[in-house]
Amino acid sequence: MLNASRQHLVNQVPGFLSQAEGEALYRAAHAVAHLGCILEIGSYCGKSTVFLGAAAEQSGNLVFALDHHQGSVEHQPGEFFYDPNLTDKDGRTDTLHTFRQTLTAADLNHSVVALVGDATAIGLRWQQRLGMVFIDGGHSMHDAVSDYRLWSGHVALGGLLAVHDHYPKASAGGQAPKAIIDAALQSGLWDLIESCDSLKVLQRLGA
Ligand code: MG
């Protein structure tokens, strides 16, 4: 798990991940390191990335941390999760600087590679088999379905698909993450192996 200095760090990093969810991500990433790299969609300021990166370091693996770093709809000026500390000189949301600070402070640049760009553009051209995909990017139905459609097929048999922000009822949160989890389970290709707060972890079934 995280050493004391990394734990102290993630306690300060802005983000929406609980400690228990972070620890579940660490265990999941550690468990499937032999199957391939880890890919995270939606790194924001790097809180979840530190958990995944620490697991990768421990297991000799690598995390690809994919984010355009311009924030989702809810992070834009005037929106609920807008953070004036996470902006460029023109007031636009920009989390890349903070993300890089987090990874450097965590001493994890050797275990994490940032992919800065659009998850769809990269996903359409991705070819490498992955041990685990963590979807926590755009939470619109369009973005969540696109991430699921483009990335879940790259998970190796026995590998893991983790999805954040699953809320059983619409009154608690957006329903797009739940929709892709439901679709995965209904496909018969995935088993739900862990639920932790709003995090769900699914395992890709073998032949
Ligand atoms: Mg999230």
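Figured I'd write up the structure that's included with this text. Sequence order sets the numbering: in each chain, residues are counted from 1 along the sequence as written. Selection of residues for local features in this predicted model requires a pLDDT of at least 70, selection of side-chain atom pairs for listing and counting requires 80 or more, and totals for whole chains, interfaces and linings are taken over all residues. Values reported for side chains reflect all heavy atoms of the structure, with hydrogen atoms and water molecules removed beforehand.

1. Here's the deal with the overall build of the protein
Logical step 1: Helix and strand counts for the protein come out as 7 helices and 7 strands.
Logical step 2: If you list the helices and strands of the protein from N to C, you get α-α-β-α-β-α-β-α-β-α-β-α-β-β.
Logical step 3: Using C-alpha atoms as the atom set, the radius of gyration is obtained and then compared with a globule rule of 2.2 Å times the number of residues to the power 0.38. Here the protein has a C-alpha radius of gyration of 16 Å; the compact-globule value for 207 residues is 17 Å, and the two agree.
Logical step 4: Projected onto its principal axes, the C-alpha positions of the protein cover 50 × 35 × 30 Å.
Logical step 5: Counting every position in the protein, which comprises 207 residues, the buried fraction comes to 50%.
Logical step 6: Counting contacts in the protein only where the partners sit at least 6 residues apart, residues at least 24 apart contribute 73% of the total.
Logical step 7: For the purpose of counting charges, residues Lys and Arg are taken to be positive, whereas Asp and Glu are taken to be negative. His and the chain ends are not included. Note that the charge is assigned to NZ on lysines, CZ on arginines, CG on aspartates and CD on glutamates. Across the protein, the mean location of the 13 positive side-chain charges is 5 Å away from that of the 21 negative side-chain charges. Where helices and strands are cited, they refer to DSSP runs of H or I of at least four residues and of E of at least two residues respectively, numbered from the N terminus. When accessible area is computed with a 1.4 Å probe and restricted to protein chains, residues below 20% of their type maximum are described as buried, those above 50% as exposed, and intermediate ones as partly exposed. For this analysis, residues touch if any pair of their heavy atoms sits within 4.5 Å.

2. Brief notes about the coordination of the magnesium ion
Logical step 1: Listed donors are limited to N, O and S atoms within 2.8 Å of the metal, widened to 3.2 Å for Na, K and Ca; water is not among them, so incomplete-looking sites are possible. For the magnesium ion, the full set of protein donor atoms is D136 (OD), H164 (ND1) and D165 (OD), and the range of their distances to it is 2.1 to 2.2 Å.
Logical step 2: Mapped onto the sequence, the residues coordinating the magnesium ion show the spacing D-x27-H-D. Of this pair, D136 sits in the loop between β4 (130-135) and α6 (141-151) while H164 sits in the loop between β5 (155-163) and α7 (176-187), and the two are 28 residues apart along the sequence.
Logical step 3: Its relative accessible area of 17% is what places D136 among the buried residues.
Logical step 4: You can call H164 buried: its relative accessible area is 1%.

3. Some thoughts on the sheet that holds strand β6 (residues 190-196)
Logical step 1: At least two DSSP bridges between two strands are required for those strands to pair. The sheet built from 7 strands is open, its strands ordered β3-β2-β1-β4-β5-β7-β6 with mixed pairing. The open sheet has two free edges, formed respectively by β3 (112-116) and β6, since each of these has just one partner strand. Geometrically, the sheet is characterised by an average inter-axis angle of 20° between neighbouring strands, direction not taken into account.
Logical step 2: Pairing of strand β2 (residues 63-67) with β3 involves 5 bridges; the strand directions are parallel. In this analysis an axis means a line fitted to C-alpha atoms, helices contributing only their contacting stretch, and an angle means the value between N-to-C directions, from 0 to 180 degrees.

4. Brief notes about the pattern of salt bridges
Logical step 1: Salt-bridge detection follows one rule: a side-chain nitrogen of Lys or Arg within 4 Å of a carboxyl oxygen of Asp or Glu. Counting across every chain of the model gives 6 salt bridges.
Logical step 2: The shortest N-O distance in the salt bridge between R6 and E57 comes to 2.9 Å. One end of the pair, R6, is in helix α1 (residues 4-12); the other, E57, is in helix α3 (residues 47-59), and 51 residues separate them in sequence.
Logical step 3: One salt bridge connects D88 with R92, and the closest N-O pair in it is separated by 3.5 Å.
Logical step 4: Owing to a relative accessible area of 24%, D88 belongs among the partly exposed residues under this scheme.
Logical step 5: Because the salt bridges share partners, they merge into one network encompassing D88, K89, D90 and R92.

5. Observations regarding the side chain of D147
Logical step 1: Note that D147 resides in helix α6.
Logical step 2: Summary of buried charges: D147 has no salt-bridge partner, and the nearest side chain of opposite charge, R149, is 9.2 Å away.

6. Topic: the packing of aromatic side chains
Logical step 1: Each aromatic pair joins two rings of Phe, Tyr and Trp (for Trp, the six-membered one) with centres within 6.5 Å, and gets the label stacked for planes under 30 degrees apart, edge-to-face for over 60, and tilted for any other angle. The final tally for this structure, using the stated rule, is 4 aromatic pairs.
Logical step 2: On the numbers, 5.4 Å between centres and 40° between planes, the contact of F16 with Y44 is tilted. Of this pair, F16 sits in the loop between α1 and α2 (19-31) while Y44 is found in the loop between β1 (37-41) and α3, placing the two residues 28 residues apart along the sequence.
Logical step 3: Owing to a relative accessible area of 41%, F16 belongs among the partly exposed residues under this scheme.

7. Focus on the nonpolar core
Logical step 1: Core analysis: the largest hydrophobic core is formed by 35 residues, its most contacted members being L25, L52 and M132.
Logical step 2: At the level of elements, α1, α2, α3, β2, α4 (96-105), β4, β5 and β7 (199-204) are the ones that each hand at least two residues to this core.
Logical step 3: Looking at which element gives the most residues to this core, the answer is α3, with 6 residues.
Logical step 4: Ignoring any residue separated from it by four or fewer positions in sequence, one finds M132 in contact with L25, A28, A29, V32, C37, I38, L39, L52, L160 and A162.
Logical step 5: Nine residue types can take part in a nonpolar core, namely buried Ala, Val, Leu, Ile, Met, Phe, Trp, Tyr and Cys, and a core is a set of them joined through side-chain atoms within 4.5 Å. By size, the runner-up hydrophobic cluster in this structure holds 24 residues, among which are L115, V133, I135 and A176.

8. Quick word on a nonpolar patch on the surface
Logical step 1: On the surface, a cluster of nonpolar side chains totalling about 360 Å² of accessible area is made up of F16, F80 and F81.
Logical step 2: Note on F81: relative accessible area 36%, which makes it partly exposed. For patch detection, residues must exceed 30% relative accessible area and be free of salt bridges, and they are connected within 9 Å for like charges or within 5 Å for nonpolar side chains (Val, Leu, Ile, Met, Phe, Trp, Tyr). Residue exposure ignores everything except the shown protein chains as possible cover, and the areas themselves are Shrake-Rupley values with a 1.4 Å probe.

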